[in-house]
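Below are the chains, spelled out letter by letter.
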Amino acid sequence: MKFIDMHCDSATVCADKNADLAAAKLQTNFQKLKTSGFAAQCFAIFTEGETAANDFARYLAFYKHMLEKHRDIAAPITNYAELVRCKTEDRLGCILTVENLGFIGENTDNLSTLKKEGVKMASLVWNYQNALAAPNLVFENGFPQFEKRVKDGLTNLGKKTVEILDGLKIIIDISHLSDGGAEEILNNRKIPVVASHSNAQSVHNVSRNLSDKLIKKTADCGGIIGINFCADFLGGEAFESVYKHLAHIIKIGGEECVALGSDFDGIPEVENLEDCTKVPHLFDYLNSRGISPRVLENFAFNNFARVFKEFD
């Protein structure tokens, strides 16, 4: 079975370590992904703080250099036809995404530049309020309050950014976005969105996990939710917790709204899911728990491919 993972932080971490993305000692690298059966990996460029714009340019240059250096094993993916070829070609497909668009500032023309650079998916915010939106995480005295849900939503600039992203055919990622912001985007929406690395609140009650209402609205617009492997969001033993979140999201939104969203290299190691080489074992476990091969194929590849096709 071939896999697509909607979120990892490996490119950013690798750049900061001045390591080689093909073989760095990380949870995910080109070689590990390729030998583990991954057809494609979404590589997020993550930035935060006053240096974010400069950091983005540096991370982008690093990512492009890695693809050029390792073009024998990795290839950029910018359209559906290229994604489908990943199933048969002997190269890993690499999809460029952005986590936290706060660095664009007031100049939304920067979004067109992202499109030209091959960005296919982007989230408005990370864990802290920016000029676009409120996050789904509240801090008190420096500590995250995972039980609190956030009603504040998009700023006027954030609403404009959503319109521009839709026009540019860049997939909007609602992971990390507040409940209020997610609802503003999802209300009466006809274009798919993704939650690239989020789980189900009803299974484990933390603010980074989606409420049933948001799961249903994501599914109703044709969107997908990537199961996050972070222990704080799973809430239990890794394989069994993934099964519980997967089964619940399917119950609320149907089998076409689930996908992989590991968050590798953005999370501590989790027993049994320490890195991407363990993903095939996860699928064996899910099959042993009664998840059908058809559902697993959708979870692994088809659901993301369907959404990706709509943004050609």
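A few points on the structure.

Rules used throughout
- Residues numbered from 1 in each chain as written.
- Predicted model: local features only at pLDDT ≥ 70, side-chain atom pairs only at ≥ 80, totals over all residues.
- Heavy atoms only, no water.
- Helix = DSSP H or I, 4+ residues; strand = E, 2+ residues; numbered from the N terminus.
- Rg over C-alpha atoms; globule rule 2.2 N^0.38 Å.
- Buried < 20%, exposed > 50% of the residue type's maximum accessible area, 1.4 Å probe, protein only.
- Contact = heavy atoms within 4.5 Å.
- Lys, Arg positive; Asp, Glu negative; His and termini not counted.
- Charge placed at Lys NZ, Arg CZ, Asp CG, Glu CD.
- Phe/Tyr/Trp six-rings, centres within 6.5 Å; stacked < 30°, edge-to-face > 60°.
- Lys NZ or Arg CZ within 6 Å of the ring centre and 35° of its normal.
- Axes fitted to C-alpha atoms, helices over the stretch in contact; angles between N-to-C directions.
- Parallel < 35°, antiparallel > 145°, perpendicular 65-115°, else oblique.
- Left-handed = near helix turned anticlockwise from the far one by under 90°.
- Nonpolar A, V, L, I, M, F, W, Y, C, P; charged D, E, K, R; others polar.
- Pairing = 2+ DSSP bridges.
- Right-handed = clockwise from strand over helix to strand, strands pointing away.

Quick notes on the overall build of the chain
- The helix and strand inventory of the chain stands at 12 helices and 11 strands.
- Against the compact-globule benchmark of 20 Å for 312 residues, the chain has a radius of gyration of 18 Å, which places it among compact chains.
- Along the first, second and third principal axes, the C-alpha set of the chain runs to 45 × 40 × 40 Å.
- Taking all 312 residues of the chain together, 56% fall into the buried category.
- Residue pairs at least 24 apart in sequence account for 72% of intrachain contacts in the chain once pairs closer than 6 positions are excluded.
- Of the charged side chains in the chain, 34 are positive and 42 negative, and the gap between their average positions amounts to 5 Å.

A short note on the packing of aromatic side chains
- Counted according to the given criterion, the structure contains 13 aromatic pairs.
- On the basis of an interplanar angle of 70° and a centroid distance of 5.5 Å, the ring pair of Phe229 and Phe264 is categorised as edge-to-face. In this pair, Phe229 sits in the loop between β10 (224-227) and α9 (231-234) while Phe264 sits in the loop between β11 (258-260) and α11 (279-288), placing the two residues 35 residues apart along the sequence. Exposure class is identical for Phe229 and Phe264. Each is buried.
- Taken together, the ring pairs in this structure connect Phe3, Phe38, Phe283 and Phe299 into an aromatic cluster.
- Taking the ring centre of Phe301 as reference, the NZ or CZ of Lys87 above it sits at 4.2 Å.
- Taking NZ or CZ as reference, Arg289 lies 4.1 Å from the ring centre of Tyr243, over its face.

Details of the packing of helix α7 (residues 179-186) against helix α8 (residues 212-220)
- With their axes 10 Å apart at the nearest point, α7 and α8 run at an angle of 25° to one another. Judged on the interaxial angle alone, α8 and α7 are roughly parallel. The chirality of how α7 crosses α8 is left-handed. In contact with Asp179, Ala182, Glu183 and Leu186 of α7, α8 contributes Lys213, Leu214, Lys217 and Thr218.
- In terms of residue class, the contact of α7 with α8 is built from 3 nonpolar, 1 polar and 4 charged.

Focus: the pairing of β10
- Going residue by residue along β10, you find Ile224 and Gly226 tucked away on one face and Ile225 and Ile227 tucked away on the opposite face as well.
- Examined bridge by bridge, strand β9 (residues 194-195) and β10 share 2 bridges and lie parallel to one another. Of the residues in β10, the one forming a bridge with Val194 is Ile224.
- Where the polypeptide runs from β9 across α8 and back to β10, its parallel neighbour, the crossover connection is right-handed.
- Inspection of the sheet shows β10 paired to β11 by 3 bridges, in the parallel sense. Bridge pairing links Ile227 to Leu260 in β11.

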